[in-house]
Amino acid sequence: RAVAARIDAAAAGADPDAIFGRSADLLREGAAISRASFDAIDVLDAPAADGDAVGAWVASNRRQAALTAQLAAAFDVQDEMRIAELSERIDVVEERNNAAARRLGLRSCAERVLR
């Protein structure tokens, strides 16, 4: 959430080069935090009844982090079409991940981070 707030602040700037560059850095930071979080979650034992669902949820969140890293690269080169495409894909994956988290009873994991 802190990174998301910093992305929002960066987007409010006036210099497009600074906005794109800062956003790219923050997106990479967010993707790294996500990967580290899911590395930690992945080593935990899931309840037997939910093992497959948790595994699928972790894998999908890893895909979201990979898409976020790709989005950072698109910001690096200021590719607005790619940014729009990846942003849309991330929104779809995030909604799916949040729905899965809600089904698993993971309320705080089901909250939307990026807007």
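Everything below is about the structure shown above.
Residues numbered from 1 in each chain as written. Predicted model: local features only at pLDDT ≥ 70, side-chain atom pairs only at ≥ 80, totals over all residues. Heavy atoms only, no water.

### Brief notes about the overall build of the chain
Right, on to step 1. Within the chain, the secondary structure is distributed over four helices and zero strands.
Right, on to step 2. N-terminal to C-terminal, the α/β element order of the chain is α-α-α-α.
Right, on to step 3. If you line up the chain on its principal axes, its C-alpha atoms span 50 × 25 × 20 Å.
Right, on to step 4. Here the chain, with 115 residues, has 31% of them falling under the buried criterion.
Right, on to step 5. Counting contacts in the chain only where the partners sit at least 6 residues apart, residues at least 24 apart contribute 52% of the total. (Helix = DSSP H or I, 4+ residues; strand = E, 2+ residues; numbered from the N terminus. Buried < 20%, exposed > 50% of the residue type's maximum accessible area, 1.4 Å probe, protein only. Contact = heavy atoms within 4.5 Å.)

### What about the packing of aromatic side chains?
Right, on to step 1. Counted under the stated rule, the structure contains two aromatic pairs.
Right, on to step 2. Ring geometry for Phe20 and Phe75: centres 5.6 Å apart, planes at 50°, overall tilted. Taken as a pair, Phe20 in helix α2 (residues 16-42) and Phe75 in helix α3 (residues 51-76) lie far apart in primary sequence, 55 residues in all. Judged on exposure class, the residue Phe20 and its partner Phe75 are both buried. (Phe/Tyr/Trp six-rings, centres within 6.5 Å; stacked < 30°, edge-to-face > 60°.)

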